[in-house]
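Fold and geometry: a report
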Amino acid sequence: MLPLRVGVWGAVFPCPMKILFRVITFGLNAFTLRYVSKEMIGLVNVRLTLLYSTIVFLAREAFRRACLSGSTKRNWTKTINLLWLTVPLGICWSLFLGWIWLQLLEVPDPNSVPYYKIGVVAFGLSAVVELLGEPFWVLAQAHLFIRLKVIAESLSIISKCILTVILVVLYPQWGLYIFSLAQLLYTSILVLCYVMYFMKFLGSPEATKKSFPVSRMTDLLPNLIEDQIVVDWKEARLTWSFFKQSFLKQMLTEGERYVMTFLNVLNFGDQGVYDIVNNLGSLVARFIFLPIEESFYIFFAKVLERGTDVKLQKQDDIAMAAAVLESLLKLVLLVGLSITVFGYAYSQLALDIYGGSMLSLGSGPSLLRCYSLYVLLLAVNGVTECFTFASMCKEEVDRFNFVMLALSFTFLCVSYFLTQWQGSVGFILANCFNMSIRIAHSIRYIYNYFKESSYRPLKGLLLSPSLIFVYIISGVVTVFSEVFLCCDKGWLAKLIHVTVGALCFAATLITVFFTETKLINFVRNAVPVTI
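None of these values were measured; they are calculated from a predicted model.

What counts and how
Residues numbered from 1 in each chain as written. Predicted model: local features only at pLDDT ≥ 70, side-chain atom pairs only at ≥ 80, totals over all residues. Heavy atoms only, no water. Helix = DSSP H or I, 4+ residues; strand = E, 2+ residues; numbered from the N terminus. Buried < 20%, exposed > 50% of the residue type's maximum accessible area, 1.4 Å probe, protein only. Contact = heavy atoms within 4.5 Å. Areas by Shrake-Rupley, 256 points an atom, 1.4 Å probe, with all protein chains shown as cover. Lys, Arg positive; Asp, Glu negative; His and termini not counted. Charge placed at Lys NZ, Arg CZ, Asp CG, Glu CD. Patch = residues over 30% accessible without salt bridge, like charges linked within 9 Å, V, L, I, M, F, W, Y side chains within 5 Å. Salt bridge = Lys/Arg side-chain N within 4 Å of Asp/Glu carboxyl O. Phe/Tyr/Trp six-rings, centres within 6.5 Å; stacked < 30°, edge-to-face > 60°. Lys NZ or Arg CZ within 6 Å of the ring centre and 35° of its normal. pLDDT = per-residue confidence, 0-100. Axes fitted to C-alpha atoms, helices over the stretch in contact; angles between N-to-C directions. Parallel < 35°, antiparallel > 145°, perpendicular 65-115°, else oblique. Nonpolar A, V, L, I, M, F, W, Y, C, P; charged D, E, K, R; others polar. Left-handed = near helix turned anticlockwise from the far one by under 90°. Disulfide = S-S within 2.5 Å. Core = buried A, V, L, I, M, F, W, Y, C linked by side-chain atoms within 4.5 Å. Expected span 1.5 Å × (residues − 1).

**A short note on the overall build of the chain**
Looking only at helices and strands, the chain has 22 helices and 0 strands in total. Residues classed as buried in the chain amount to 55% of the 531 residues present. The long-range share in the chain, meaning contacts at least 24 apart out of those at least 6 apart in sequence, stands at 82%. Accessible area of the chain: about 23,800 Å², with a carbon and sulfur share of 68%. When the 43 basic and 33 acidic side-chain charges of the chain are each reduced to a single mean position, those positions are 4 Å apart.

See the structure below:
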């Protein structure tokens, strides 16, 4: 039961702290919107952030997945040597992609967005700085240092937001210098948190008690062992398989930003509005679904044996994995469906409160309503792919690369044509199409994985008729409430509109409590044990 407990702990513990830090960050970002133009937001949050995320993802994602698979009992010297390869790889990607961003892409008007070249250099450099902490991050994740991850990420994000607010208020003429300095501060604090923690932890009585595999800080540096292979070739081959897949996954994850950046289908202002709505809509995905996906990927990877038939594995482990998968699917389905149903009627109000008329008028509400549906698909896909990637063998991962290649090409084509037809909403519709195909592939894999056993975890995607009925009634009632009460009829009407939604949501929760008893028991049995 230990892997399950730590998996649930990894998903549950970050939530209270993340909620606090997200609320602070949310307020700081909302304040910043009053001082920054849509064009500046579009350039920073779409083009420059895409440069940073592409470098980081391509340089480290494959290494993370390969080095977190299997048991923690391994030759950590070889694993750490392998992880340090992310730094030179990141430098190469930074130079190559930086050249593309400077020489091949459209340069913004320096009068509206000054210091573009400085921004490209700073965001590329920040990616390399973050990669310096990769061995520390993997070691912490493998040994389930959940608190360290939450605190490090939260402190770095808040520091970045505070510096941004101070500079946009005091020195708005600095332009991209502001966001460049904030980005470098973010990655520097993130890496320093991990380094300082391990400096204190290694050699301590706690580390000795846990028989921690690393005893000195120098053990976390590249170490050439005489007459021995420097890296574990099995891990290296698995990394290469995941690297081919990660390249395609990045295209799927950030596909709309690549289309915006390279095909110029939207101007920087429209990109800014799209990005704000995208960030607002993905809040739940980032601090609820992502921790679940990351934590339970580790759980499934430890419990299941890659490439081994279900019948040949420990049946207790298979039973536990199937039960956890079924409950997770039910949990994320309910959360995602609630966001879809209630998000439709409250999108305009949320944008009006967050960013004023700049967001609540125009395409903003339509974007957020579509995104509410996308969140449901994100939720289900996160859990299904979490299980799929944790149980696939190397050959299956390689075969899946071809599926991802086809999906990448299809997604780019669909997003381009839908954008021509529906504008920025077309990006979200294309993402929904892409995510649906990925879910279908993962569901097919899970079905085949368990078909020779008596377990049917995909039942977690089925809801009781009474709960479906309550969701339908709630959706209809809240839509009528929006029509008659929101959002230009004063604060009293808005308050009544919110009250109507709260009552409908309470009715939904009560129905869940009485109809989804298996999920309730799972939460009761799993969560209290870990707290």
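**Overview of a nonpolar patch on the surface**
On the surface, Phe31, Tyr35, Tyr115, Ile118, Ile162, Ile166, Val169, Leu170, Tyr171, Trp174, Tyr177 and Leu181 cluster together into a nonpolar patch covering about 1,100 Å² of accessible area. For the nonpolar patch, the elements supplying multiple residues, two or more each, are helix 8 (146-170) and helix 9 (176-201). Of the residues forming the nonpolar patch, the biggest block, 4 residues, is contributed by helix 8. Along the chain, Leu181 turns up in helix 9.

**Details of the packing of aromatic side chains**
Scanning all chains against the criterion turns up 23 aromatic pairs. By the ring-pair criterion, three or more aromatic residues cluster together here, those being Phe296, Phe299, Phe300, Phe387, Tyr445, Tyr449 and Phe450. When the ring centre of Tyr297 is taken as origin, the NZ or CZ atom of Arg65, which lies over that ring, is 5.0 Å away. One residue, Lys494, lies across the ring of Trp491, its end atom 4.2 Å from the ring centre.

**Some points on the confidence of the model for the chain**
Detailed reading of the predicted coordinates is not advisable wherever pLDDT falls low. Averaged over all residues, the pLDDT of the chain is 83; the fraction at 70 or higher stands at 92%. Low pLDDT, under 50, characterises residues 8-14; the predicted model gives this stretch 22 contacts beyond four residues in sequence or across chains.

**A few points about the packing of helix 12 (residues 255-263) against helix 13 (residues 268-281)**
One way to put it is that helix 12 packs onto helix 13 with a least axis distance of 12 Å and a crossing angle of 170 degrees. Overall, the two elements helix 12 and helix 13 adopt an arrangement that is roughly antiparallel. Contact with helix 12, carried on its side by Glu256, Arg257 and Met260, involves Gln271, Tyr274, Asp275, Asn278 and Asn279 of helix 13 and no other residues of that element. Class assignment for the residues of the contact of helix 12 with helix 13 results in 2 nonpolar, 3 polar and 3 charged.

**Comments concerning the side chain of Ser94**
Among the structural elements, Ser94 can be located in helix 5 (residues 86-103). The residues contacting Ser94, other than those within four sequence positions of it, are Ile55, Gly124, Leu125 and Val128.

**What about the packing of helix 7 (residues 134-142) against helix 9?**
Direction vectors running N to C along helix 7 and helix 9 enclose 65 degrees, while the axes themselves pass 9 Å from each other. Note that helix 7 runs across helix 9; the crossing there is left-handed. Every residue of helix 9 that contacts helix 7 at Phe136, Trp137, Leu139 and Ala140 is listed here: Tyr194, Val195 and Phe198. Residue composition of the contact of helix 7 with helix 9, by class: 7 nonpolar, no polar and no charged.

**Notes on the state of the cysteines**
One pass over the structure, following the stated rule, counts 0 disulfides. The thiol of Cys67 is unpaired, and the distance to the nearest cysteine sulfur, on Cys386, comes to 18 Å. Here Cys67 falls in the buried class, since its relative accessible area comes to 0%.

**Comments concerning helix 7**
Residues that lie three or four places apart on an α-helix share one face, since the helix turns once every 3.6 residues. In terms of burial, helix 7 is a largely internal element, 9 of the 9 residues being buried. Phi for Leu144, located one or two positions after helix 7, is positive at around 60 degrees.

**What about the side chain of Glu326?**
Following the sequence through the fold, Glu326 ends up in helix 15 (residues 315-355). Discounting chain neighbours no more than four positions away, the residues touching Glu326 are Arg456, Pro457, Lys459, Gly460 and Lys518.

**With respect to the nonpolar core**
Formed by 145 residues in total, the largest nonpolar core has its most connected members in Trp101, Phe198, Phe212, Phe300 and Phe387. With 17 residues, the top contributor of residues to this core is helix 3 (residues 38-67). Not counting residues up to four positions away in its chain, the partners in contact with Phe212 are Leu139, His143, Phe145, Phe198, Phe201, Leu202 and Ala207. Counting residues in each nonpolar core, the second largest holds 5 residues, with Ala345, Tyr346, Leu349 and Cys486 among its members.

**Description of helix 6 (residues 116-131)**
In a regular helix each residue adds 1.5 Å, so 16 residues correspond to 22 Å; helix 6 covers 23 Å between its end C-alpha atoms and thus fits that length. Within helix 6, the full set of buried residues consists of Tyr116, Gly119, Val120, Ala122, Phe123, Gly124, Ser126, Ala127, Val128, Glu130 and Leu131. Buried-residue contacts for helix 6 involve helix 3, helix 5, helix 7 and helix 9.

**Comments concerning unusual backbone geometry**
Positioned with a positive phi, Tyr115 is a non-glycine residue whose angle comes to about 65 degrees. Inspection of the secondary structure assignment puts Tyr115 in the loop between helix 5 and helix 6. By relative accessible area, which is 38% here, Tyr115 ends up partly exposed.

**Examining the environment of Leu329**
Among the secondary structure elements, Leu329 is positioned in helix 15. Sequence separation between Leu329 and Cys67 is 262 residues, and the spatial gap between their C-alpha atoms is 26 Å. The residues contacting Leu329, other than those within four sequence positions of it, are Val383, Thr384, Pro457, Leu458, Gly460 and Leu461.

**A few points about the environment of Ser338**
In this fold, Ser338 is placed in helix 15. Residue classification places Ser338 among the buried positions, given a relative accessible area of 12%. Residues Ser338 and Thr508, spaced 170 residues apart in sequence, show a C-alpha to C-alpha distance of 8.5 Å. Once residues within four sequence positions are removed from consideration, Ser338 is found in contact with Gly343, Tyr471 and Phe505.

**Structural notes on the environment of Ala322**
Note on placement: Ala322 falls in helix 15. Note: C-alpha distance between Ala322 and Ser454 (132 residues apart in sequence) is 9.9 Å. Those residues within four positions of Ala322 in sequence are excluded, and the remaining contacts are Phe450, Tyr455 and Pro457.

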